[in-house]
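# Summary of the model geometry
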Amino acid sequence: MLPSPRALLLDFGGVLVDAPPPPPAPPALVRRLSRLVGGAVPDDRIAADLRQGAKAYAHWRDEVGRSGDPVELPHAQVWADFVTRDWPQRARAAVEREATPLAYAWTWREEWAVRPGVPEALDAAADAGLPLAVVSNTLCGAAHRDFLAAAGLARLFAAQFYSDEAGPRKPNPRLARLAADAIGVPVAHCWFVGDSLNRDIACARRAGTGAAVLMRSPRTDREAAPPDLEPDARIEDGHGLLALLRRAWGAHGPSASGRDGASAR
C-alpha cells in the first residue's frame, strides 16, 4: 500500500497528455523560418536542418540526462547549436531574435490529447484538497501551459514547472523540489507520476518523493532502464491513477490522507 499523498507532481507528455512524436520539420514552421530569413536558406535545407536538429537535440537530452544535475538550454542556444549552426550569419541572427516564439511553434502539437481518465483523477485529487503541480522537461513550457488552459485543466494546478523556464531538467531532483516548495508540501509527502523510468522515476527517487508512480506510454516501452530502477506502482492511464489514489485513501477516504502528516513514509 502506498502512503496517502498530500500532493501530486505530474509529468505533461505521456501522463497528462498523449504526445505522439511530432514531425521534425512541420511545413508551417519551415515556411515561417523561410520568411524570417528572407530566403537566405532554401526551404529544403531548412527542412533537412530541422530534421537533423531534432535528432541532435534528442541525443543531447539523452546524454545530459545521464549527467549529475542536467539543466535545460536557452531557446536561442537550441536553435544555434542544433539547427542554424551553418546558416549565414544574418539568418542565424534573425532566428536568434525570434528564438522563443519559434521554440513554441516547434513544441506545439496539434495531436496532443488529454489521456483517458486524467480529468477524473485530477478532479478527485483536487476535491480531496491535494495541490497539483506539473513537472516537465520541454523546449517551451508556454506551449504546454496554453494546451492545459485550452483543455480546461490549468485551473486544477497550483503550479507548473517546465525545464526551459526553471532551468533543471529531470532527472535533476531540483525540478521536483522546486514544484513541491511552490505548492507548500514537503516533497516526501508528494507522489511523482511520470512515464519515463530514466527521467521521472529517477527524478522522484533522487528528490525523495513519497512515491514514484509510472504511467505507461509508448515512450515507457521504448526506453531501456537499469533493472534496479523500479517504481512503487505501475498504471496504464488516468483511470489507473484514480484507482491508486482511492486505494491509498482507503476506507476513511481522502480526509485521512497525508494532509495531517500521518501518511509520510
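Below, the structure is looked at part by part. Everything numeric here is computed off the predicted structure, so don't read it as measured data.

### Some points on the packing of helix α2 (residues 43-65) against helix α3 (residues 75-82)
Where α2 contacts α3, the two axes come as close as 9 Å, and the packing angle between them is 115 degrees. Judged by the angle between their axes, α2 and α3 are roughly perpendicular. Helix-helix and strand crossings are classified by hand; for α2 and α3 the assignment is right-handed. Across the interface between the two elements, D49, L50, G53, A56, Y57 and W60 from α2 touch V78, W79 and F82 from α3. Residue composition of the contact of α2 with α3, grouped by class: 7 nonpolar, 1 polar and 1 charged.

### Notes on the pairing of strand β7 (residues 211-215)
Among the 5 residues in β7, 5 count as buried, and that is most of the element. The alternating pattern of β7 places A211, V213 and M215 and A212 and L214 on opposite faces, both of which are buried. Where strand β6 (residues 190-194) lies against β7, 4 bridges are found, and the strand directions are parallel. Along β7, the bridge assignment pairs V193 with V213. In this fold, β6 hands off to helix α10 (residues 197-207), which returns the chain to β7; that crossover is right-handed. Looking at chain direction, β7 and strand β8 (residues 233-235) are connected through 3 bridges and run parallel. Within β8, the position partnered with V213 by the bridge is A233.

### What about the packing of aromatic side chains?
For the coordinates displayed, the defined rule picks out 9 aromatic pairs. Between the aromatic rings of F12 and F147, the centroid separation amounts to 6.2 Å while the plane-to-plane angle is 90 degrees, which identifies the pairing as edge-to-face. Here F12, found in the loop between β1 (7-10) and β2 (17-18), pairs with F147, found in helix α7 (residues 141-150); they are 135 residues apart in sequence, far enough to count as distant. A relative accessible area of 1% means that F12 is categorised as buried. Taking the relative accessible area as the measure of exposure, F147 reaches 11% and is therefore buried. These aromatic residues form a ring-pair network of at least three members: F12, Y104, W108, W112 and F147. Sitting over the face of the ring of Y57, R61 holds its NZ or CZ atom 4.6 Å from the ring centroid.

Quick notes on the rules
- Residues numbered from 1 in each chain as written.
- Predicted model: local features only at pLDDT ≥ 70, side-chain atom pairs only at ≥ 80, totals over all residues.
- Heavy atoms only, no water.
- Axes fitted to C-alpha atoms, helices over the stretch in contact; angles between N-to-C directions.
- Helix = DSSP H or I, 4+ residues; strand = E, 2+ residues; numbered from the N terminus.
- Parallel < 35°, antiparallel > 145°, perpendicular 65-115°, else oblique.
- Left-handed = near helix turned anticlockwise from the far one by under 90°.
- Contact = heavy atoms within 4.5 Å.
- Nonpolar A, V, L, I, M, F, W, Y, C, P; charged D, E, K, R; others polar.
- Buried < 20%, exposed > 50% of the residue type's maximum accessible area, 1.4 Å probe, protein only.
- Pairing = 2+ DSSP bridges.
- Right-handed = clockwise from strand over helix to strand, strands pointing away.
- Phe/Tyr/Trp six-rings, centres within 6.5 Å; stacked < 30°, edge-to-face > 60°.
- Lys NZ or Arg CZ within 6 Å of the ring centre and 35° of its normal.

By themselves these figures say nothing about function.
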